[in-house]
Amino acid sequence: MGIMNKKTLELAKNNAECARLARPIGSGFRYACLTLADTHLHAITALKALDVTLSDITHTISEPHVARAKLDWWRGALHEATEQNTAAHPILAALLASVDAPTLKKLVPHLEARLGSALLELDYQGFETPADLSSYLDARGGAQFALYCALLPIDPALEPPLRSLGALQHRLHCLQFLGRDRAHGFIYLPAERMAAHKLSEADVHHPDAAQLFAPLLQQELADLSQEYEQTVTALRQHNRYPPKFFRALIALDRARIRLLRRSSVEVISQRPEPAPMAELVTAWWAAKRPIPPAR
């Protein structure tokens, strides 16, 4: 087999592994990617695969020393990829094959922020204030959206509101998966907000937690929804037609907010999730239209 054929097969294998992690069948992210050109698709898929991998380390590995060793390995691997342009891991090899050197340099601070958020999750001791939570959300979801912005042709004026939407998307994810996350002690709600409702992290494990937290979670969804729509409005003032990829992600997040509203934010004992077909239709329509105003 020729060298070029071997490299082509290896690249295809790496891209397939990234797609398996980042774009599973039935996922909203898969449908949001449908309009991306191949080069953008492979790079964004690699970044999402990295995001999924880091999240798996902090959320599924029960031994902290093992999780820390894995994150330390990723720190070194990211340094080699961004500084030496070498990568043995399929995710990083796929990313290097999909971006040029100047673009790769633009990714570095956002990759560092994303890795930092994983370390914060590993050392999590609770968020005392909303400002503490905001810093984490920006490093987690905000940095992820900033990575996407660095890859797509985009007006720089759109980057701040899109980064804010990335942070809000992760806040929405934390709310939706609160019931799952409480099993390993990750309760993202700031202590100040819980104390205002005469609650603490320990109360999340109470047999009547769903009832105890209902008022707080309804207020959290209302606040999140208002902040999300204010940020979308700021984005629309610059451009109602950002890249289709972002339009789809925004539409999918809005649909999740509506779903949580219909379920009365009952996320502690159950996990409201949209049907794959509904997400496909949502993403498809969003890519064809400008971002609609808040309802």
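Let me sum up the structure you'll find in this document. (Residues numbered from 1 in each chain as written. Predicted model: local features only at pLDDT ≥ 70, side-chain atom pairs only at ≥ 80, totals over all residues. Heavy atoms only, no water.)

**Quick look at the nonpolar core**
And step 1. Formed by 87 residues in total, the largest nonpolar core has its most connected members in Leu165, Tyr188, Phe213, Leu217, Phe245 and Phe246.
And step 2. Those residues in contact with Phe246 that sit more than four places away from it in its chain are Phe145, Tyr148, Cys149, Leu152, Ile154 and Leu162. (Core = buried A, V, L, I, M, F, W, Y, C linked by side-chain atoms within 4.5 Å. Buried < 20%, exposed > 50% of the residue type's maximum accessible area, 1.4 Å probe, protein only. Contact = heavy atoms within 4.5 Å.)

**Observations concerning helix H12 (residues 244-262)**
And step 1. Counted at 1.5 Å a residue, the expected span for H12 with its 19 residues is 27 Å, and the 27 Å between its end C-alpha atoms agrees.
And step 2. Downstream of H12 by a residue or two, Ser264 has a phi angle that is positive, lying close to 55 degrees. (Helix = DSSP H or I, 4+ residues; strand = E, 2+ residues; numbered from the N terminus. Expected span 1.5 Å × (residues − 1).)

**Notes on the packing of aromatic side chains**
And step 1. Applying the stated criterion across every chain yields a total of 13 aromatic pairs.
And step 2. Every member of this aromatic cluster is reached through a ring pair, and the members are Phe29, Phe145, Tyr148, Phe245 and Phe246.
And step 3. One residue, Lys48, lies across the ring of Phe29, its end atom 5.1 Å from the ring centre. (Phe/Tyr/Trp six-rings, centres within 6.5 Å; stacked < 30°, edge-to-face > 60°. Lys NZ or Arg CZ within 6 Å of the ring centre and 35° of its normal.)

**Some details on the side chain of Thr45**
And step 1. Relative to the elements of secondary structure, Thr45 occurs in helix H3 (residues 38-60).
And step 2. You can call Thr45 buried: its relative accessible area is 2%.
And step 3. One polar contact links the side chain of Thr45 to the main-chain carbonyl oxygen of Leu41, over a distance of 2.6 Å.
And step 4. Not counting chain neighbours up to four residues away, the residues in contact with Thr45 comprise Cys18, Ala19, Ala22 and Arg23. (Polar contact = N/O pair within 3.5 Å; in protein donor to acceptor, adjacent residues only side chain to side chain.)

**Let's talk about unusual backbone geometry**
And step 1. A positive phi angle, near 60 degrees, is found at Asn85, a position not held by glycine.
And step 2. Tracing the backbone shows Asn85 in the loop between helix H4 (64-84) and helix H5 (90-98).
And step 3. Judged by its relative accessible area of 51%, Asn85 is exposed.
And step 4. Look at Val265: it is not a glycine, yet its phi comes out positive at around 55 degrees.
And step 5. If you trace the backbone, Val265 turns up in the loop between H12 and helix H13 (276-286).
And step 6. The exposure class assigned to Val265 is buried, which follows from its relative accessible area of 5%.

Purely spatial values, then, with no claim about function.
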